[in-house]
Amino acid sequence: MAQVSYMLVLFVTLSFFASLSLGQETLSRHCLENPPTLISNYGAGSVKQIGGLKAYVSDHSHSNLAIILISDVYGYEAPHLRNIADKVAQAGFYAVVPDFFYGDPYVVNSSRTIPEWLKTHGTDKGFEDAKTFISALKKEGIHAVGAGGFCWGGKVVVQLAKTDFTKATVLLHPSWVTLDDIKAVKVPISILAAELDNGTPPALLKQFEDALSKHKVKNFIKIFPKVKHGWTVRYNESDVTTVEAAKEAHKDMLLWLSKYLKKN
């Protein structure tokens, strides 16, 4: 009986990780760990309607320079993500976190698997929505836009980096980013990666760096030791090492985007 129970647990576990596959692309095995408790009214900013989407907006200085933060699968109501937006606003930017999931972020332990959820919330749809969103921002008086993408959002941001919709971009532990994506990047790009992330292993990051340098695209790639995929927005407050690494990554992101958005 114990052997049967063990085999059942093993089968369920393997089935779960298999369910993280999407076609030939695979999510990091840490991609769904430590899901946030979503809070709709969290943060120093407010929720507004922009370009047909709800968005969390934090703006202390009425800046005409915007930084868009594109979430992981858990969406725009995640407290850590909104804290980052508030930090970005304090640095003098119009910080905005759009709800690209239309009120339907992924919910762990729900009846939907990630592949099922992604059928209606794919990154291609996110990319199209992001272009519409940025156009709406510019109609409201925003002069320049930078973007930071986390996990799911990293794929959307790398697609934006192939266009002239943004001045600079940052990918934080991105999912599904390929070498072909990187070869098509046109704007300065930074990739902040975790050491423990099968989605962006060091060998692949080296290929990214070589491709960007070959195409003369300004880049900054950094691997953070001893942290897992998702650490910048889903860290545990009691894990001092990870918290410090997350703060360092937030600072790196802001420095990179500031360098190109505030450039004369």
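Residues numbered from 1 in each chain as written. Predicted model: local features only at pLDDT ≥ 70, side-chain atom pairs only at ≥ 80, totals over all residues. Heavy atoms only, no water.

Asks: Give a description of the nonpolar core that names residues and reports values.
Replies: Formed by 48 residues in total, the largest nonpolar core has its most connected members in Ile50, Val96, Leu137 and Trp152. Tallying contributions element by element places helix H4 (residues 123-139) first for this core, with six residues. Val96 has contacts with Ile50, Ala55, Tyr56, Val57, Ile67, Ile68, Leu69, Phe133 and Leu137, leaving out every residue within four places of it along the chain. The next biggest cluster of nonpolar side chains, apart from the first, holds 36 residues, and it includes Ile67, Ala95, Trp231 and Ala249. (Core = buried A, V, L, I, M, F, W, Y, C linked by side-chain atoms within 4.5 Å. Buried < 20%, exposed > 50% of the residue type's maximum accessible area, 1.4 Å probe, protein only. Helix = DSSP H or I, 4+ residues; strand = E, 2+ residues; numbered from the N terminus. Contact = heavy atoms within 4.5 Å.)

Asks: Got a sec to walk through the packing of helix H2 (residues 79-90) against helix H8 (residues 240-261)? Specific residues and values, please.
Replies: As a packed pair, H2 and H8 sit with axes 11 Å apart at the nearest point and diverge in direction by 45°. Comparing the axis directions of H2 and H8 gives the class oblique. For the element pair H2 and H8, the recorded crossing hand is right-handed. Mapping the contact onto sequence places Ile84, Lys87 and Val88 in H2 and Lys247, His250, Met253 and Leu254 in H8. Grouping the amino acids of the contact of H2 with H8 by side-chain chemistry returns four nonpolar, one polar and two charged. (Axes fitted to C-alpha atoms, helices over the stretch in contact; angles between N-to-C directions. Parallel < 35°, antiparallel > 145°, perpendicular 65-115°, else oblique. Left-handed = near helix turned anticlockwise from the far one by under 90°. Nonpolar A, V, L, I, M, F, W, Y, C, P; charged D, E, K, R; others polar.)

Asks: Mind laying out the environment of Lys186, listing which residues take part and the relevant values?
Replies: Looking at the secondary structure, you find Lys186 in the loop between helix H6 (179-183) and strand E9 (189-196). Sequence spacing of Lys186 and Ala161 is 25 residues, and the spatial spacing of their C-alpha atoms is 5.9 Å. The residues touching Lys186, leaving out its near neighbours within four places in the chain, are Ala161, Lys162, Thr163 and Asp164.

Asks: Requested: an account of unusual backbone geometry, with residues and values cited.
Replies: Glycine aside, residues mostly have negative phi, and peptide bonds are mostly found in the trans state. Within the chain, Asn34 stands out as a residue other than glycine whose phi angle is a positive 50°. Within the fold, Asn34 resides in the loop between strand E2 (25-26) and strand E3 (46-50). Judged by relative accessible area, which is 39%, Asn34 ranks as partly exposed. The phi angle at Tyr102 is positive, at roughly 55°, despite the residue not being glycine. Looking at Tyr102, the relative accessible area reads 46%, which means it is partly exposed.

Asks: Tell me about the packing of H4 against helix H5 (residues 152-160), residues and numbers included.
Replies: Orientation of H4 relative to H5, taken along the N-to-C sense of each, is 60°, at an axis distance of 9 Å. Between H4 and H5, the angle falls in the class oblique. By crossing handedness, the relation of H4 to H5 is classed as right-handed. Two secondary-structure elements touch here, H4 through Thr123, Asp124, Gly126, Phe127, Ala130, Lys131 and Ile134 and H5 through Trp152, Lys155, Val156, Gln159 and Leu160. Taken together, the residues of the contact of H4 with H5 break down into six nonpolar, three polar and three charged.

Asks: Could you give me a rundown of H2, with the residues and numbers involved?
Replies: The terminal C-alpha atoms of H2 lie 16 Å apart, and with 12 residues this matches the ideal 16 Å at 1.5 Å per residue to within 8%. Within H2, nine of the 12 residues are buried, leaving the element largely enclosed by the surrounding structure. Residues of H2 that are buried: Pro79, His80, Leu81, Arg82, Ile84, Ala85, Asp86, Val88 and Ala89. Along its buried surface, H2 packs onto E3, strand E4 (53-58), strand E5 (65-70), strand E6 (94-98), strand E7 (144-150) and H8. Phi for Gly92, located one or two positions after H2, is positive at around 105°. (Expected span 1.5 Å × (residues − 1).)

Asks: Describe the packing of aromatic side chains, with residues and values.
Replies: Per the counting criterion, the structure on display carries eight aromatic pairs. Ring centres of Phe101 and Trp152 lie 4.7 Å apart, and the angle between their planes is 75°; on these two criteria the pair is classed as edge-to-face. With Phe101 in the loop between E6 and helix H3 (114-118) and Trp152 in helix H5, the pair connects residues that are 51 residues apart, well separated along the chain. Overall, the relative accessible area of 1% leaves Phe101 in the buried class. On the basis of relative accessibility, which here comes to 1%, the residue Trp152 falls in the buried class. (Phe/Tyr/Trp six-rings, centres within 6.5 Å; stacked < 30°, edge-to-face > 60°.)

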